[in-house]
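# Breakdown of the fold
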Amino acid sequence: MSFPLLTATAALPALGAIATAAVPAARRTAAKWLALLVSLATLGLAVAVLVRFDPNRVAEDGNFYQLTERHSWIPDFGVQYELGVDGIAVALIALTALLIPFIILAGWHDADPLETNSSRWRPTQGFFALILAVEAMVILSFEATDVFLFYIFFEAMLIPMYFLIGGFGDRAHAGSDENAAAQRSYAAVKFLLYNLVGGLIMLAAVIGFAVVAGDFSLQTIAKDGLPDMATSTERWLFLGFFFAFAVKAPLWPLHTWLPNAMGEATAPVAVLITAVVDKVGTFAMLRFCLQLFPEASKWATPVILVLALISIIYGALLAVGQRDIKRLVAYASISHFGFIIMGIFAMTSQGQSGATLYMVNHGISTAALMLVAGFLISRRGSRLIADYGGVQKVAPVLAGTFLVGSLATLSLPGLAPFVSEFLVLVGTFTRYPAIGIIATFGIVLAALYTLVLYQRTMTGPVKAEVSAMPDLRVRELAVVAPLIALLIFLGVYPKPITDIVNPAVKQTMSDVQKKDPKPEVEAAK
């Protein structure tokens, strides 16, 4: 029996979460180092998955999943403990495992006691244990090829996220402690309720799918083909799945929980939300909506593309008008998720490859920008843009890294998001030119809100409140520098990721029986 690499990749952070939570109360520093070491070991296992995965392997018996594991779990209901990965899942597992160590390092002091000798102290062990628990559940969501198993972890990750948002909020709050606690509680409850409603609707669809298909296994379906479903049944099941994924993504008009959650959470937890957890929604659209319900996916495409387009423009417009740095990044992310969903449902290989690449690049770019913003906010104690000015004169390294993160957010050529956004727009334009043209206005708005953000916070006269602001410290540089290096490397050379995801995209295109449109103008011979 081969080593269960996929199980180990998810089990390690889960066990690490338990071990971190069990560290004695007085050993906060030990808990931090344990969590960091566990996250680095998980990254090592994710690299092993990446190395062992062969993107060019020909599917055997129609099953294109690799590193598969399968064990009986609840045989009376046909539920299997079944794991497997394709190129899209491998890329997102690598992204998740890569970001968690940076999230832990960036949040090193976020759960420390507010006063050294105070009996009221924040449970540091719980903070880092919850982060590792989220990592385990997200990785299992990317690995699960049993629909019911996926649903379990898709919902279970809400619990640790609820406590991370509600119990460990941002200390840079404009109001009193009571008001800050109320805002955190509201954001956490809103996050939980939105996602629970989506999950309950999905549960009904999962049960319906089990009745129709008689099996939860994607690997079995890949070999034997999709079950026969009436057109109306397929459409209703598709809508049940898609609704839950659209809440998680988030897609307009189901997005309103995200600005509250990101605004009230600490910067590392905000990165965990938008760069890691939310990717499960867009990933699931590719794995479940398109592969299980191909005809319904094509039927719903026009409406979904319009919703994605609204997300792009609406998110960008609201980002332009924001006064809060973290809420600005949240609305920018809503716009970016609109691009990802538009690429998925453009039903072209360029669009879907770009969307998958966008998931990875958005995770890295948002992490870079939000974590630097978190370092900035922790120094000044305010999230308001108007409270800053002239930072580049007193903290040039902080300002420089903030600039690179901002330029990546607006998809500047030479940085990683540009390639993915370009592929999404090209892929969309070839089939839906009007949608592609309108979506380009989102890029113009992105340039507006990111450059204005930089100008108002980093340039101009030095405000008295930031005149003594220290530059980035060694720990903070260790967080930001690798992310910026990745943004530049993948902006110049995205081939390592595209080589992994393109075969999986071709398989998805085959599942929905779509081919790329032929060029209207033939090349000269």
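Let me begin by describing the structure that accompanies this report. Everything numeric here is computed off the predicted structure, so don't read it as measured data.

Look at helix H20 (residues 441-458): 26 Å from first C-alpha to last across 18 residues, which is about the 26 Å you get at 1.5 Å a residue. Turning to H20, its buried residues are Gly442, Leu445, Ala446, Tyr449, Thr450, Leu453, Tyr454, Thr457 and Met458. End-on view of H20: buried residues confined to an arc of 160°, all on one side of the axis. Turned more than 90 degrees off the buried face of H20, the exposed positions are Phe441, Val444 and Arg456. On its buried face, H20 is in contact with helix H13 (294-320), helix H14 (325-345), helix H15 (349-380), helix H16 (391-394), helix H17 (396-409) and helix H19 (433-439). The first or second residue beyond H20 is Gly460, which carries a positive phi of 85°.

On the surface, a cluster of nonpolar side chains totalling about 490 Å² of accessible area is made up of Phe429, Ile437, Ile438, Phe441 and Val444. If you list the elements that add at least two residues to the nonpolar patch, you get H19 and H20. For Ile438, a relative accessible area of 39% puts it in the partly exposed group.

Along its 21 residues, H14 runs 31 Å from first to last C-alpha, staying within 8% of the 30 Å computed at 1.5 Å per residue. Burial within H14 is extensive, with 20 of its 21 residues counted as buried. Near the N-terminus of H14, the side chain that reaches the backbone nitrogen of Lys326, with its oxygen 2.9 Å away, is that of Asp324. Backbone geometry just downstream of H14 places Met347 in the positive-phi region, at approximately 60°.

This part covers the pattern of salt bridges. One pass over the full model with this rule turns up eight salt bridges. Between Glu476 and Arg473 there is a salt bridge, with the nearest N and O atoms lying 3.6 Å from each other. Between Asp499 and Lys495 there is a salt bridge; the shortest N-O distance is 2.7 Å. Here the residue Asp499 and the residue Lys495 both occupy positions in helix H22 (residues 495-511), the gap between them amounting to four residues, near one helical turn. Relative accessible area serves as the criterion here: at 34%, Asp499 is assigned to the partly exposed category. Each of Glu264, Asp324 and Arg383 takes part in a single network of salt bridges with overlapping partners.

Using the criterion set out here, one finds 23 aromatic pairs in the structure. Both rings, one in Trp73 and one in Phe148, keep their centres 6.5 Å apart while their planes meet at 50°; by these two values the pair is tilted. With Trp73 in strand S1 (residues 66-74) and Phe148 in helix H5 (residues 147-156), this residue pair connects regions lying 75 residues apart in the sequence. By relative accessible area, Trp73 is classed as partly exposed at 40%. A ring pair is formed by Phe154 and Phe245, whose centres lie 5.6 Å apart and whose planes are at 80°; its orientation type is edge-to-face. With Phe154 in helix H5 and Phe245 in helix H9 (residues 231-248), this residue pair connects regions lying 91 residues apart in the sequence. A relative accessible area of 0% means that Phe245 is categorised as buried. The structure contains a cluster of three or more aromatic residues connected by ring pairs, namely Phe150, Phe154, Phe209, Phe241, Phe245, Phe288 and Phe293. Over the ring of Phe154 we find Lys248; its NZ or CZ atom is 4.3 Å from the centre of that ring.

Tracing the chain through its elements places Val444 in helix H20. For Val444, a relative accessible area of 55% corresponds to the exposed category. Distance in space between the C-alpha atoms of Val444 and Val197 is 35 Å, their sequence separation being 247 residues.

In this chain, Ala249 is followed by Pro250 through a cis amide linkage whose omega measures -5°. Across the junction of Trp252 and Pro253, the peptide omega takes the value 5°, indicating a cis bond. As for its position among the elements, Pro253 is in the loop between H9 and helix H10 (257-264). Of note, the phi angle at Met347 is positive, near 60°, even though the residue is not glycine. Note on placement: Met347 falls in the loop between H14 and H15. What makes Met347 buried here is its relative accessible area of 0%. At Ser411, a position not held by glycine, the phi torsion is positive, near 60°. Inspection of the secondary structure assignment puts Ser411 in the loop between H17 and helix H18 (416-431). Judged by its relative accessible area of 7%, Ser411 is buried.

When you line up the elements, Glu82 lands in strand S2 (residues 79-85). Within the structure, the side chain of Glu82 is placed 3.1 Å from the side chain of Arg70, a separation counted as a polar contact. If sequence neighbours within four positions are ignored, Glu82 has contacts with Glu69, Arg70, Glu143, Ala144, Thr145, Asp146, Leu149, Ser217, Leu218 and Gln219.

Let us look at the pairing of S1. As paired elements, S1 and S2 share six bridges and run antiparallel to each other. Counted as the bridge partner of Arg70 is Glu82 from S2. Two successive antiparallel strands, S1 and S2, enclose a turn made up of four residues, where Gly78 displays a positive phi of approximately 70°.

Moving on, we get to the packing of helix H4 (residues 124-143) against H5. Two elements in contact, H4 and H5, have axes separated by 9 Å at closest approach and are oriented at 150°. Here H5 runs roughly antiparallel to H4, going by the angle between their axes. For the crossing formed where H4 meets H5, the hand is left-handed. Taken together, the residues of H5 that come into contact with H4 (itself represented by Met137, Leu140 and Ser141) are Phe150, Phe153, Phe154 and Ala156.

Close contact between H13 and H20 brings their axes to 9 Å; oriented N to C, the two are set at 15°. On the basis of the axis angle, H13 is roughly parallel to H20. Remark: the crossing between H13 and H20 carries left-handed chirality. Between H13 and H20, the contacting residues are Ile312, Ile313, Ala316, Leu317, Ala319 and Val320 on the first element and Phe441, Gly442, Leu445, Leu448 and Tyr449 on the second.

Conventions we followed
Residues numbered from 1 in each chain as written. Predicted model: local features only at pLDDT ≥ 70, side-chain atom pairs only at ≥ 80, totals over all residues. Heavy atoms only, no water. Helix = DSSP H or I, 4+ residues; strand = E, 2+ residues; numbered from the N terminus. Expected span 1.5 Å × (residues − 1). Buried < 20%, exposed > 50% of the residue type's maximum accessible area, 1.4 Å probe, protein only. Arc of directions from axis to C-beta. Contact = heavy atoms within 4.5 Å. Patch = residues over 30% accessible without salt bridge, like charges linked within 9 Å, V, L, I, M, F, W, Y side chains within 5 Å. Areas by Shrake-Rupley, 256 points an atom, 1.4 Å probe, with all protein chains shown as cover. Salt bridge = Lys/Arg side-chain N within 4 Å of Asp/Glu carboxyl O. Polar contact = N/O pair within 3.5 Å; in protein donor to acceptor, adjacent residues only side chain to side chain. Phe/Tyr/Trp six-rings, centres within 6.5 Å; stacked < 30°, edge-to-face > 60°. Lys NZ or Arg CZ within 6 Å of the ring centre and 35° of its normal. Pairing = 2+ DSSP bridges. Axes fitted to C-alpha atoms, helices over the stretch in contact; angles between N-to-C directions. Parallel < 35°, antiparallel > 145°, perpendicular 65-115°, else oblique. Left-handed = near helix turned anticlockwise from the far one by under 90°.

None of the figures reported here should be taken as evidence of function without further support.
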